[in-house]
Amino acid sequence: MAAGVAALSLVACSQGDARPKTASSKAPPQPYSRDPYPSTYRAYPGVPTVVRNVTIFDGEGARIDNGQVLFADGKIVAVGTSVNAPADAQVIDGTGKWVTPGVIDIHSHLGDYPTPSVQAHSDGNEATGPITADVWAEHSVWPQDPGFSRALANGGVTTLQILPGSANLMGGRSVTLKNVYSRTMQGMKFPGAPYGLKMACGENPKRVYGSKNRQPSTRMGNVAVDRATWAKAQDYRRKWDMYEADGGEPPSRDIAMDTLRGVLAGEILIQNHCYRADEMAIVEDMAKEFGYKVTAFHHAVEAYKIADILKANGTCAAVWADWYGFKMESYDGIGENLAILEKAGACAMIHSDDENGIQRLNQEVAKVLASGRRVGIDIAPEVAWKWLSLGPAKALGIADRTGSLVPGKMADVVLWNGNPFSVYTRPDKVWIDGALLYDAHDPKRRPVSDFELGQPGSGDVK
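Residues numbered from 1 in each chain as written. Predicted model: local features only at pLDDT ≥ 70, side-chain atom pairs only at ≥ 80, totals over all residues. Heavy atoms only, no water.

Caption draft 1: Highlighting the overall build of the protein. Each helix and strand counted, the protein has 11 helices and 16 strands in total. Along the first, second and third principal axes, the C-alpha atoms of the protein reach 105 × 55 × 45 Å. Here the protein holds 462 residues, and 53% of them are scored as buried. Across the protein, every contact between residues at least 6 apart in sequence was considered, and the portion connecting residues at least 24 apart equals 68%. Positive and negative side-chain charges of the protein, numbering 48 and 52 respectively, have mean locations separated by a distance of 2 Å. (Helix = DSSP H or I, 4+ residues; strand = E, 2+ residues; numbered from the N terminus. Buried < 20%, exposed > 50% of the residue type's maximum accessible area, 1.4 Å probe, protein only. Contact = heavy atoms within 4.5 Å. Lys, Arg positive; Asp, Glu negative; His and termini not counted. Charge placed at Lys NZ, Arg CZ, Asp CG, Glu CD.)

Structure below.
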């Protein structure tokens, strides 16, 4: 008997490598890169600058008359009625002029639907399936789009989010750019800005795919496809979370599911094209069902009907001043939309969705102010500037770095030649990270795309 036990022990020892491995012996996890196309943005050189004798909207709701702004080393240094400027600072007398933070457009397709608007340049909608969370808008951005320089010179736009189009329920990732000249998309990419996921509800997905005789062809089909996709994303996230915690055999990669996992983890922000109030409310419930958050509804022409719901959910609304009626889901748009949202305490802002509108977002806000006054909602202009800078900065996850004239933030600054809410006013100078990138009085500082060079009337003489 003793001999038999000894023999068994010898067998066990000889087969030691065949025994089950412990968890500690698993291969260590190798997470995939969350940022495989990193920003290479570097600020253009600037000089210490003080702008004096100006009216200031600081972007956070305050107004300073006869004020001063000092910036150096790419950052805001001081804002007030007087500042201690270094002896070597460039001094600009802005008597009769106004200073604001740079305009931020949360909804643009520049670079993906560039000028000239021809089919060869149409790269914003991957309309080959209702779920294309695998595509990234940045991979279509053409840095030579003349629209970028128009937005800078005519609209004072210093930062913008480029989104895929709205043909699909999940159209792909968005990217946030600094509005600077660069040879590459990555040279424009806002350092550290979170990605967004463009989603869409309503008429566009059901029209595009209904015309192909496939799901979704109805609003209920829209929600059904979304829900099925989020259910798969939850399972994908669970497998990858487990692998990254414990190691072992990695799950199969799915580029689309990587994006949805990022949303569920709170790393990627939902930017949702949606018009009708009832649909926005349904999307909010779907977000609760699957454990994600809607950062902003874009267009949101009926947001005024559910301002309380948006406020309760911490969801922003990015809207136009007065676009309405161009399709059924936009029929109930009103000019007072943004003013009503502000009065209700909801997060709201202006946006363009248009290569021309982006050049006059300040005037779009002026229209909202007028519409509000007509119905007894009188909003101070300095408060309304939040709709152009700090509001979109918050919805893009970059408000700690830009969006207002606060010491330590990026010196993204516009000097306007008059009241910025006048139709007669234009940018006089525009700085991005403290670098003077546009000067109305210096032809050499009128940015021109390489594509435009040598094209009279639209390029180097614009």
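From this point, things continue past the structure.
Caption draft 2: Just the state of the cysteines, in detail. The full count for this structure, using the stated rule, is two disulfides. Each sulfur of the disulfide joining C201 and C274 lies 1.9 Å from the other. On the criterion of sequence distance, the pair formed by C201 in the loop between β9 (196–200) and α3 (203–210) and C274 in strand β10 (residues 269–274) is long-range, its members being 73 residues apart. You'll find C201 and C274 in the same group, each marked buried. Disulfide partner of C316: C347, at an S-S distance of 2.0 Å. (Disulfide = S-S within 2.5 Å.)

Caption draft 3: Main features of the packing of aromatic side chains. Throughout the structure, instances matching the rule amount to 18 aromatic pairs. A ring pair is formed by Y236 and W240, whose centres lie 6.4 Å apart and whose planes are at 45°; its orientation type is tilted. With Y236 and W240 both in helix α4 (residues 219–246) and four residues apart, this pair spans about one turn of that helix. Here Y236 falls in the buried class, since its relative accessible area comes to 8%. Taking the centre distance of 5.4 Å and the plane angle of 85° together, the rings of W240 and Y243 count as edge-to-face. Separated by three residues within a single helix, W240 and Y243 lie in helix α4, roughly one turn from each other. Assigned by exposure class, W240 and Y243 land together as buried. Here the aromatic cluster, defined as three or more aromatic residues joined through ring pairs, consists of F57, W98, W385, W416 and F421. (Phe/Tyr/Trp six-rings, centres within 6.5 Å; stacked < 30°, edge-to-face > 60°.)

Caption draft 4: Summary view of the pairing of strand β14 (residues 413–416). Side chains V413 and L415 of β14 all project onto a buried face; the interleaved residues V414 and W416 project onto the opposite face, where all are buried too. In the sheet, strand β5 (residues 98–101) pairs with β14 via four bridges, with the strands oriented antiparallel. Within the sheet, the bridge partner assigned to P101 lies in β14 and is V413. (Pairing = 2+ DSSP bridges.)

Caption draft 5: Structural view of the pairing of strand β3 (residues 75–80). Sheet topology places strand β2 (residues 63–72) next to β3; five bridges connect them, and they run antiparallel. Bridged to L70 within β3 is A78. Following β2, the chain reverses through two residues before pairing antiparallel with β3; D73 in that reversal takes a positive phi of roughly 55°.

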